[in-house]
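For reference, the chains in residue letters:
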Amino acid sequence: LSGRDVPVTVCVATDYGASMMEETENLHIISGRQTPDTMLEIMEKTDASVVADATHPYSQAVTENILAALSRRPVPYIRVERELEITEDSRQNGRFFDTIKEAVDYLNTTEGKVLITTGSKELESYTEIRDYETRCVLRALPAEDVVRNCLEHGFSPENLILMQGPFSLEMNIATIRQTDCRYLMTRNSGSAGGFPEKAAAAEETGAELIIIGKPKKRILPPGGRRMNLGEAMEYLSTR
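As the structure is a prediction and not an experimental result, all values here were calculated from the model. (Residues numbered from 1 in each chain as written. Predicted model: local features only at pLDDT ≥ 70, side-chain atom pairs only at ≥ 80, totals over all residues. Heavy atoms only, no water.)

Points about the pattern of salt bridges
The cut-off we apply is this: Any carboxyl oxygen of Asp or Glu that lies within 4 Å of a side-chain nitrogen of Lys or Arg is treated as forming a salt bridge with it. Strands here are runs of E lasting at least two residues and helices are runs of H or I lasting at least four, both read from the DSSP assignment and numbered beginning at the N terminus. Burial classification: accessible surface area is computed with a 1.4 Å probe over protein chains only, and a residue below 20% of its type maximum counts as buried, one above 50% as exposed, and the rest as partly exposed.
Under the criterion given, the structure shown has nine salt bridges. Among the ionic pairs, Glu111 bridges to Arg130, the shortest N-O distance being 3.2 Å. Here Glu111, found in the loop between α5 (100-107) and β6 (113-116), pairs with Arg130, found in the loop between α6 (123-126) and α7 (132-135); they are 19 residues apart in sequence, far enough to count as distant. Look at Glu111 and you get exposed, because its relative accessible area is 54%.

Examining a nonpolar patch on the surface
The condition is simple: For patch detection, residues must exceed 30% relative accessible area and be free of salt bridges, and they are connected within 9 Å for like charges or within 5 Å for nonpolar side chains (Val, Leu, Ile, Met, Phe, Trp, Tyr). Residue burial considers only the protein chains on display, and all accessible areas are found by Shrake-Rupley using a 1.4 Å probe.
A cluster of nonpolar residues, Leu1, Leu229 and Met233, forms a patch on the protein surface that exposes about 260 Å² of accessible area. Looking at the secondary structure, you find Leu229 in helix α11 (residues 229-238).

Overview of the packing of helix α9 (residues 169-179) against helix α10 (residues 195-205)
Test applied: Only the contacting stretch of a helix is used when fitting its axis, a line to C-alpha atoms as for every element, and angles between N-to-C directions run 0 to 180 degrees. Should an angle lie under 35 degrees it is considered roughly parallel, over 145 roughly antiparallel, and from 65 to 115 roughly perpendicular; all remaining angles are considered oblique. A crossing counts as left-handed when the near helix is turned anticlockwise from the far one by less than a right angle, and as right-handed when that turn is clockwise. Should any heavy atoms of two residues lie within 4.5 Å, those residues are considered in contact. Following the grouping adopted for this structure description, the nonpolar residues are Ala, Val, Leu, Ile, Met, Phe, Trp, Tyr, Cys and Pro, the charged ones are Asp, Glu, Lys and Arg, and the polar ones are all others, Gly among them.
Interhelical geometry of α9 versus α10 gives an angle of 45 degrees and a closest axis separation of 8 Å. The angle between α9 and α10 places the two elements in the oblique class. Between α9 and α10 lies a crossing of right-handed hand. Taking contact as the criterion, the partners of Leu169, Asn172, Ile173, Ile176 and Arg177 in α9 are, on α10, Glu197, Lys198, Ala200, Ala201, Ala202, Glu204 and Thr205. In terms of residue class, the contact of α9 with α10 is built from six nonpolar, two polar and four charged.

With respect to the packing of aromatic side chains
Here is the rule: Here a Phe, Tyr or Trp ring, Trp counted by its six-membered ring, pairs with any other such ring whose centre lies within 6.5 Å, and the pair is stacked when the planes are under 30 degrees apart, edge-to-face when over 60, and tilted otherwise.
Overall, the coordinates contain two aromatic pairs when judged by the stated rule. Taking the centre distance of 5.5 Å and the plane angle of 35 degrees together, the rings of Phe97 and Tyr106 count as tilted. Exposure class is identical for Phe97 and Tyr106. Each is buried.

Here's the deal with the confidence of the model for the protein
The condition is simple: What pLDDT conveys is the predictor's confidence in a given residue, as a value from 0 to 100.
Mean pLDDT over the protein works out to 89, with 95% of the residues at or above the 70 mark. Looking at the elements of the protein, mean pLDDT is at its lowest for helix α4 (residues 88-93), recorded as 57, and at its highest for β6, recorded as 97.

A word on α11
In plain terms, the rule: The directions from the helix axis to the C-beta atoms form the arc being described. Counted as a polar contact is a pair of N or O atoms within 3.5 Å, where, for protein atoms, one must be capable of donating a hydrogen and the other of accepting one, and residues adjacent in sequence contribute only when both atoms are in side chains.
Within α11 the residues assigned to the buried category are Ala232, Tyr235 and Leu236. Buried residues of α11 fall within an arc of 95 degrees about the axis and therefore sit on the same side. Opposite its buried face, α11 presents the exposed residues Glu234 and Thr238, each directed more than 90 degrees away. Measuring from the backbone nitrogen of Gly230 back to the side-chain oxygen at the start of α11 gives 3.1 Å, which picks out Asn228 as the cap.

Considering the sheet that holds strand β10 (residues 208-212)
The cut-off we apply is this: Should DSSP find at least two bridges between two strands, the strands are taken to pair.
Read across the open sheet, the six strands follow the order β5-β10-β9-β6-β7-β8; overall the sheet is parallel. Here the strands that pair on one side only, and so sit at the sheet edges, are β5 (94-97) and β8 (160-162). Each strand of the sheet is rotated relative to its neighbour by a mean of 20 degrees, with strand direction disregarded. As defined by bridge partners, β6 adjoins strand β7 (residues 136-140) across three bridges and the pair is classed as parallel. Opposite Ile116, over in β7, you have Leu138 as the bridge partner. The strands that helix α8 (residues 144-152) touches are β7 and β8; relative to β8, the one it contacts most, it runs at about 170 degrees.

Considering the side chain of Thr117
Within the secondary structure, Thr117 sits in the loop between β6 and α6. Of note is the side chain of Thr117, whose polar atom sits 3.2 Å from the side chain of Lys198. Setting aside chain neighbours within four positions, we find Thr117 in contact with Arg139, Leu184, Met185, Thr186 and Lys198.

As for the sheet that holds strand β3 (residues 51-53)
If you trace the three strands from one edge of the open sheet to the other, you get β3-β4-β11, paired in parallel fashion. The outermost strands of the open sheet, each flanked by one partner alone, are β3 and β11 (225-227). The mean inter-strand angle of the sheet, taken between neighbouring strand axes irrespective of direction, is 25 degrees. Summarising the sheet, β3 and strand β4 (residues 77-80) pair through three bridges and their orientation is parallel. Its bridge partner lying in β4, Val51 is registered against Tyr77. In the packing of α11 onto the sheet, contacts are made with β4 and β11, and the angle to β11 comes to roughly 120 degrees.

Things to note about the environment of Ile78
Here Ile78 lies in strand β4. Separated by 53 residues in the primary sequence, Ile78 and Glu25 have C-alpha atoms spaced 24 Å apart. When neighbours within four sequence positions are excluded, Ile78 is seen to be in contact with Val51, Ala52, Asp53, Arg225, Met227, Ala232, Tyr235 and Leu236.

Given below as C-alpha cells:
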C-alpha cells in the first residue's frame, strides 16, 4: 500500500517491529502498545477511512482495544486472518493443550530439554517447568527488552536464541539437534509464523510437538468483514 498515493498509518507494538519497515511519504509508523483512547486519537488525527486489523492470531486484547475505539468512531473494519491449517501429520504427532499451564503440567511429568518458540510474553508461566533454568531453550526476538525479561526470569543466557523468524525447516532441525531438545513448544501461527516448518522439523528429529491453544474467532463490529491477505489487499486497492 505504501506505493500508492494514499496515506497509510501502521501501528506496531515495539521499536523492533517498526525497524522491519521503512517510512515513506505515504507510510507513517507508530510504535508502542495502544489503548482504546490512543487508538481513537490516531484514527481521528489521521482521519482514517478504514481500519485493517492484521494482529497476530493470538493477540486478542489488541483487537478488543481496536473495537473499543471503533465503537466511538465507526469506520469500516476488516479482520485480516491467517490460514491456520493443521496437517494430518501434525494432528497425529502433535500433543494439543488449551493453555500454557496444561502444557507445563505435562512437561513436569517428562524428562528432556524443551525448545520454546511461543515468544517471551509468557515467561512467568515457563518458570513453573521443573529445572527450567537449564532445561528450557527459549527462541525469541532479538530485542533489548526481551533479553532483559529473560534474564530477570532466570533463563540461562546459553539457552537463549534471539533471532527474527520465521525459520526454515533446515534451521529448525539444526536448532533442535544442536540444543538436544526432545520437545518443541509452539502455537499454530500458520504459514506466516512458520508453523509448518516447526511441525515438520519435530517429526524429522523425533521431538514431540507441543501445540498451545486455539485462536479465538474475532467478534466483528457491525459491517465488519473477515478476509485473508490477498482479499484484503484487493479490497483496500479498490477503495
